[in-house]
Amino acid sequence: MASANSFPLAGELRTPVKFLEVTGGRNKINARIDVPVELVTVFAKREDVSGSESLEDGTVIALQVRRYFIRFRQDLYDKGTKLIIQDGTTKWNIHYMGVLGNDQFIEIKCGKSE
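Residues numbered from 1 in each chain as written. Predicted model: local features only at pLDDT ≥ 70, side-chain atom pairs only at ≥ 80, totals over all residues. Heavy atoms only, no water.

A. Region of interest: the overall build of the protein. Along its length, the protein carries one helix and six strands. Starting at the N terminus and walking to the C terminus, you meet the elements of the protein as β-β-β-α-β-β-β. Per-residue burial for the protein yields a buried fraction of 32% across its 114 residues. Of all intrachain contacts in the protein linking residues separated by at least 6 positions in sequence, the fraction that spans at least 24 positions is 51%. (Helix = DSSP H or I, 4+ residues; strand = E, 2+ residues; numbered from the N terminus. Buried < 20%, exposed > 50% of the residue type's maximum accessible area, 1.4 Å probe, protein only. Contact = heavy atoms within 4.5 Å.)

B. Examining the packing of aromatic side chains more closely. Inspection of every chain in the model, using the stated rule, returns one aromatic pair. Plain terms: the ring middles of Phe 72 and Tyr 77 are 5.8 Å apart, the flat faces sit at 45° to each other, and that makes the pair tilted. Given the relative accessible area of 31%, Tyr 77 is considered partly exposed. Lys 109 extends its terminal NZ or CZ atom over the ring of Tyr 96, reaching a point 5.4 Å from the ring centre. Sitting over the face of the ring of Trp 92, Lys 112 holds its NZ or CZ atom 5.6 Å from the ring centroid. (Phe/Tyr/Trp six-rings, centres within 6.5 Å; stacked < 30°, edge-to-face > 60°. Lys NZ or Arg CZ within 6 Å of the ring centre and 35° of its normal.)

C. Focus on the environment of Ile 33. Here Ile 33 shows up in strand β2 (residues 32-56). Take Ile 33: its relative accessible area is 34%, and that puts it in the partly exposed class. Sequence separation between Ile 33 and Val 22 is 11 residues, and the spatial gap between their C-alpha atoms is 9.7 Å. Aside from chain neighbours lying at most four places away, what touches Ile 33 is Thr 23, Gly 24, Gly 25, Arg 26 and Asn 27.

D. The pattern of salt bridges, seen in detail. Applying the stated criterion across every chain, the model contains 10 salt bridges. Across the pair Lys 18 and Glu 38 runs a salt bridge, and its minimum N-O distance is 3.9 Å. Of the two residues, Lys 18 sits in strand β1 (residues 15-26) while Glu 38 sits in strand β2, which places them 20 residues apart along the sequence. Two residues, Asp 75 and Arg 73, come together in a salt bridge whose shortest N-O distance is 2.9 Å. Judged by its relative accessible area of 39%, Asp 75 falls in the partly exposed class. Look at Arg 73 and you get partly exposed, because its relative accessible area is 29%. (Salt bridge = Lys/Arg side-chain N within 4 Å of Asp/Glu carboxyl O.)

E. The arrangement of the environment of Thr 41 in detail. Relative to the helices and strands, Thr 41 is located in strand β2. A relative accessible area of 39% means that Thr 41 is categorised as partly exposed. Residues Thr 41 and Gln 86, spaced 45 residues apart in sequence, show a C-alpha to C-alpha distance of 9.2 Å. In this structure Thr 41 touches Pro 16, Val 17 and Lys 18, once residues within four positions along its chain are discounted. A polar atom in the side chain of Thr 41 sits 2.9 Å from the side chain of Glu 38. (Polar contact = N/O pair within 3.5 Å; in protein donor to acceptor, adjacent residues only side chain to side chain.)

F. View of the nonpolar core. Counting 16 residues, the largest nonpolar core has Val 17, Phe 19, Tyr 68, Ile 70, Ile 85, Ile 94 and Ile 108 as the members making the most contacts within it. Elements supplying a minimum of two residues to this core: β1, β2, β3 (59-71), β4 (83-87), β5 (90-100) and β6 (105-113). Discounting residues that sit within four places of it in the chain, Tyr 68 has contacts with Val 17, Ala 44, Lys 45, Arg 46, Ile 85, Asp 87, Trp 92, Ile 106, Glu 107, Ile 108 and Cys 110. (Core = buried A, V, L, I, M, F, W, Y, C linked by side-chain atoms within 4.5 Å.)

See the structure below:
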């Protein structure tokens, strides 16, 4: 839980991000595929938290962690970690959603690996 001093100010919510939900679909040969569907675009405060590297099967993988703050939306909070955030052309997997204040903001922690 964050303190009141860490709540984002209205002018800091200036990064447009899309929330995507993965649904099942079919391709041309009727095989099942996962299709991301855009739910909503909101303005968020973006913070780059950390970055690191991991050695997996002899391959170096870059790990990035990012945090977003958005105004509270019950529909997004209910779906939680099932959603994906698209910031520009980059898609981020959501690992955590938490409520700040009295349902004022949602803190979202997400990451991606390259």
